[in-house]
Amino acid sequence: MARHRMIALALAAALTGPAQARDVAGQFDYYVLALSWSPSWCASTGDDRRSDQCETGRRIGFVVHGLWPQYESGWPQRCDTDERDPSRRESQAMADVMGSGGLAWHQWQKHGRCSGLSARGYYAATRAALDAVEIPEVFNRLTDDIRLPPAVVEDAFIEANPTLTRNGITVTCQGRALQEVRICLTRDLEPRDCAPDARRDCALPAVTMAPPR
């Protein structure tokens, strides 16, 4: 009987386990600024959603996917915060740099709440992070599909932003298309190297970049 009781207690402890630490707003090490290549997103997702971002004639290239607080290993998300959620108008006002107010709202909910900033402050930091990065103009001048190695995309950003290092920028792909350029920034929005878990470059020898519409 005593042995059965010990087994029952051991099972209960294993099932319950230690309390999981919760991510705390404002406690993180650095940011990742994720820049999405809009033509790739439109081809894979946005056209089916009839997104305004994908309308012909708008000539949208890179847009901000998000500004993500990071740990040196891993990242926080959906933190509890006493800050109020942004209004619909505040989120919609981010559409010029993020493509849509809906994306801005989603990024606040998942990542912005962990920044320790107010919603207004987080949106302002997102704009400031974008302003801190020079996007190579050559990409906005594309008129036809091109295929190029991910490292060439990195080279273009490093040439336009001499303080960036090879370990401070990551290029991702989806299928055979360029998906995102991710740039690591300090909490003061200065360039820094990415932690090892954030350096997951696209492994393809070349990616496709469709031109802005």
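These lines cover the structure that appears in this document, whether it is placed above or below.

For the rest of this paragraph, the subject is helix H5 (residues 101–110). Taken together, the buried positions of H5 are occupied by Gly101, Ala104, Gln107, Trp108 and Gln109. On the buried face of H5, the contacting elements are strand S2 (62–70), helix H3 (88–92), helix H4 (95–98) and helix H6 (119–131).

Let us look at the state of the cysteines. Applying the stated criterion to the full structure yields 4 disulfides. Here cysteine 184 pairs with cysteine 194 through a disulfide, and the sulfurs are 2.0 Å apart. One quick way to see it: the torsion about the S-S bond of cysteine 184 and cysteine 194 is about 110 degrees, and its sign makes the bridge right-handed. One end of the pair, cysteine 184, is in strand S5 (residues 177–185); the other, cysteine 194, is in the loop between S5 and strand S6 (207–209), and 10 residues separate them in sequence. Should the bonded cysteines of the protein be numbered as they appear in the sequence, the pairing reads 1-2, 3-4, 5-8, 6-7.

The subject of this paragraph is the pattern of salt bridges. The full count for this structure, using the stated rule, is 9 salt bridges. A salt bridge links glutamate 90 to arginine 84, with the nearest nitrogen and oxygen atoms 3.0 Å apart. Linking arginine 166 and aspartate 155 is a salt bridge whose minimum nitrogen-to-oxygen distance equals 2.4 Å. In this pair, arginine 166 is assigned in the loop between helix H8 (150–160) and strand S4 (169–174) and aspartate 155 in helix H8, connecting sequence segments 11 residues apart. The class for arginine 166 is partly exposed, based on a relative accessible area of 43%. Here the salt bridges do not stand alone but share partners, grouping Arg84, Glu90 and Arg120 into one network.

Note on placement: serine 38 falls in helix H2 (residues 38–46). Owing to a relative accessible area of 1%, serine 38 belongs among the buried residues under this scheme.

This part covers unusual backbone geometry. One non-glycine residue, arginine 50, adopts positive backbone phi at about 55 degrees. Note on placement: arginine 50 falls in the loop between H2 and S2. Accessibility expressed as a relative area gives 75% for arginine 50, which makes it exposed. One non-glycine residue with positive phi stands out, namely arginine 78, at about 50 degrees. Looking at where arginine 78 falls in the secondary structure, it is placed in the loop between S2 and H3.

Calculation rules
- Residues numbered from 1 in each chain as written.
- Predicted model: local features only at pLDDT ≥ 70, side-chain atom pairs only at ≥ 80, totals over all residues.
- Heavy atoms only, no water.
- Buried < 20%, exposed > 50% of the residue type's maximum accessible area, 1.4 Å probe, protein only.
- Helix = DSSP H or I, 4+ residues; strand = E, 2+ residues; numbered from the N terminus.
- Contact = heavy atoms within 4.5 Å.
- Disulfide = S-S within 2.5 Å.
- Salt bridge = Lys/Arg side-chain N within 4 Å of Asp/Glu carboxyl O.

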